[in-house]
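The primary structure of each chain is shown beneath.
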Number of protein chains: 2
Amino acid sequence: MSRLLQDVVGELSKLPGVGRRTALRLAIHILRMEPESVHDMTRSIDRFRNGIRYCSQCNNLSDEEICPICADRERDHTTICVVEQVADVLSIENTRQYRGLYHVLGGVISPMQGIAPSDLKIDLLCERVARGGVQEVIIAISTSVEGETTLFYLMNRLRQFPGLRITSIARGIGFGDELEYVDELTITHALRNRREIE
Amino acid sequence: MSRLLQDVVGELSKLPGVGRRTALRLAIHILRMEPESVHDMTRSIDRFRNGIRYCSQCNNLSDEEICPICADRERDHTTICVVEQVADVLSIENTRQYRGLYHVLGGVISPMQGIAPSDLKIDLLCERVARGGVQEVIIAISTSVEGETTLFYLMNRLRQFPGLRITSIARGIGFGDELEYVDELTITHALRNRREIE
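Small disclaimer: the values here were computed from a predicted structure and weren't measured.

Asker: Quick one: what's the story with the pairing of strand β3 (residues 76-83) of chain B, residue by residue and with numbers?
Answerer: Residues and elements named next belong to chain B. Bridging between β3 and strand β4 (residues 100-104) involves five bridges; their strand directions are parallel. Across the sheet, Val 82 pairs through a bridge with His 103, a residue of β4. Each parallel crossover has a hand, and the one from β3 via helix α5 (residues 86-95) to β4 is right-handed.

Asker: Explain the layout of surface pockets to me, and be specific about the residues and the numbers.
Answerer: Counted as a void, the largest pocket has a volume near 750 Å³. Along the wall of the largest pocket there are 25 residues; nearest its centre are A:Gln85, A:Val86, A:Ala87, B:Leu24 and B:Ile28. Of all elements in the fold, only α5 (86-95) of chain A together with α2 (20-32) of chain B reach the threshold of two or more residues within the lining of the largest pocket. Among the elements that take part in the lining of the largest pocket, α2(B) stands out by supplying eight residues, more than any other. Considered class by class, the residues forming the lining of the largest pocket number twelve nonpolar, seven polar and six charged.

Asker: Pulling in residues and values, what's your account of the pattern of salt bridges?
Answerer: Residues and elements named next belong to chain A. Evaluation of the coordinates by the stated rule reveals 14 salt bridges over all chains. The residue Arg 165 makes a salt bridge to Glu 136 at a minimum N-O spacing of 3.3 Å. Of this pair, Arg 165 sits in strand β6 (residues 165-168) while Glu 136 sits in strand β5 (residues 136-139), placing them 29 residues apart in sequence.

Asker: Requested: an account of helix α2 (residues 20-32) of chain A, with residues and values cited.
Answerer: Compared with the 18 Å implied by 1.5 Å per residue over 13 residues, the 19 Å span of α2(A) between its first and last C-alpha is a close match. Taken as a whole, α2(A) has its buried residues at A:Ala23, A:Leu24, A:Leu26, A:Ala27, A:Ile28, A:Ile30 and A:Leu31.

Asker: Tell me about the sheet that holds β6(A), and please be specific about residues and values.
Answerer: Note: strands within a sheet are paired through backbone hydrogen bonds, in either parallel or antiparallel orientation. All names here are of chain A. Taken together, the four strands give an open sheet; going across it, the order is β4-β3-β5-β6, and neighbouring strands pair in parallel fashion. Unpaired on one side and paired on the other, β4 (100-104) and β6 mark the two borders of the sheet. Between one strand axis and the next, the sheet turns through 25° on average, direction left out of account. Bridge count for β5 against β6 is four bridges, and the pairing is parallel.

Asker: So what's going on with empty space enclosed by the protein? Residues and values would help.
Answerer: In the structure shown here, the tally under the stated rule is one cavity of 30 Å³ or more. Empty space within the largest cavity amounts to approximately 60 Å³. Lining the largest cavity, in full, are A:Met1, A:Ser2, A:Leu5, B:Asn60, B:Leu61, B:Pro68, B:Ile69, B:Val86, B:Val89 and B:Leu90. Of the residues forming the lining of the largest cavity, the biggest block, three residues, is contributed by α5(B). Its residues assigned to classes, the lining of the largest cavity comprises eight nonpolar, two polar and no charged.

Criteria and cut-off values
Residues numbered from 1 in each chain as written. Chains lettered and ligands numbered in written order. Predicted model: local features only at pLDDT ≥ 70, side-chain atom pairs only at ≥ 80, totals over all residues. Heavy atoms only, no water. Pairing = 2+ DSSP bridges. Helix = DSSP H or I, 4+ residues; strand = E, 2+ residues; numbered from the N terminus. Right-handed = clockwise from strand over helix to strand, strands pointing away. 1 Å grid on protein atoms, 1.4 Å probe; cavity = no way out; pocket = protein on both sides within 12 Å on 5 of 7 lines; lining within 4 Å. Points joined across faces, edges and corners; volume = space filled by probe spheres on them. Nonpolar A, V, L, I, M, F, W, Y, C, P; charged D, E, K, R; others polar. Salt bridge = Lys/Arg side-chain N within 4 Å of Asp/Glu carboxyl O. Expected span 1.5 Å × (residues − 1). Buried < 20%, exposed > 50% of the residue type's maximum accessible area, 1.4 Å probe, protein only. Axes fitted to C-alpha atoms, helices over the stretch in contact; angles between N-to-C directions.

Structure (structure tokens):
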């Protein structure tokens with residue numbers, strides 16, 4: 001087997017969800033791409049890895065000291081939505097419905113995985129709120145045991161700020177979900193939080 | 001959204017089977033890798049794309065003019081196994097049972113996709129056989145309509161060489177396949193080519 005092919009298959013196999021077979025398929029595809037297109041791709045990967053940083057305010061990925069969302073004066077700086085990870089910011093941004101700021105925790109508290117509150121950007125969040133101007137913190141983290149633990153911990157930390165509104169995104173049946181396949185806890189929440197039909 | 005992240009997600013999305021969501025997951029993973037590891041990967045991709053060539057004898061991927069298999073004097077140079085693509089060579093090599101040479105056609109004849117015999121390395125195969133020393137050509141191409149057309153065309157071309165043994169890999173039920181789910185054509189072949197139990 002060609003050394004160059006062997007190397008590229010070995011390197012691509014290190015990516016998550018890419019086995020040797022997929023790596024080989026990717027390599028064959030790369031072979032059919034223009035060399036310049038391939039170089040555009042590899043250059044963007046290197047630039048991303050070397051150039052990316054974390055926003056010093058919200059911990060989201062950023063090209064600068066402050067990310068474009070935190071730097072945007074048009075956005076609502078009185079509201080902060082707390083999420084676990086960078087991908088969550090993108091999911092919410094894709095709805096184009098939220099105009100406030102974010103705060104990326106970088107995970108959830110998990111004694112099993114050795115993730116303590118100090119490993120997350122919780123102090124940074126409290127500092128932001130302490131600087132004033134924040135009226136509401138929306139907590140949008142997952143409903144796992146770890147997520148609930150994190151929610152509880154966050155509530156305790158944020159309660160020190162009088163007048164701060166602390167909310168959680170609504171739990172319920174997703175659009176398109178069939179009730180038959182939805183778990184009991186979600187149905188319980190959805191029933192408890194039922195609303196008048198307007 | 002960060003420009004660098006946007007770029008890398010856009011570039012990775014060009015790969016087959018990689019949507020924006022997977023590209024984002026890959027980007028987040030790349031972020032957790034050491035910068036040197038990332039650079040090792042991108043360098044191997046560029047080197048592969050720019051350095052790889054096709055063996056002038058068998059059309060397999062190669063780092064040199066002649067691939068390691070064709071250059072190996074320990075292998076059986078009297079037998080050539082004809083396959084569609086590079087990945088097929090690797091599948092057969094992984095069995096460690098075949099010691100002959102290969103010939104990579106680069107596809108199968110497909111009027112629908114506009115692939116004519118002249119687009120495949122069939123002339124190159126005939127030249128190899130014409131140079132002498134080849135005793136057997138094993139045809140190991142898929143059993144699709146295109147594959148059968150290609151097989152028929154190859155048979156016609158190879159019949160010009162007197163004394164050349166032309167064979168096809170056996171068709172039958174794969175190990176672990178359940179008869180219930182095997183298609184009728186395969187079962188027909190498997191029944192027709194039944195063997196005495198030794």
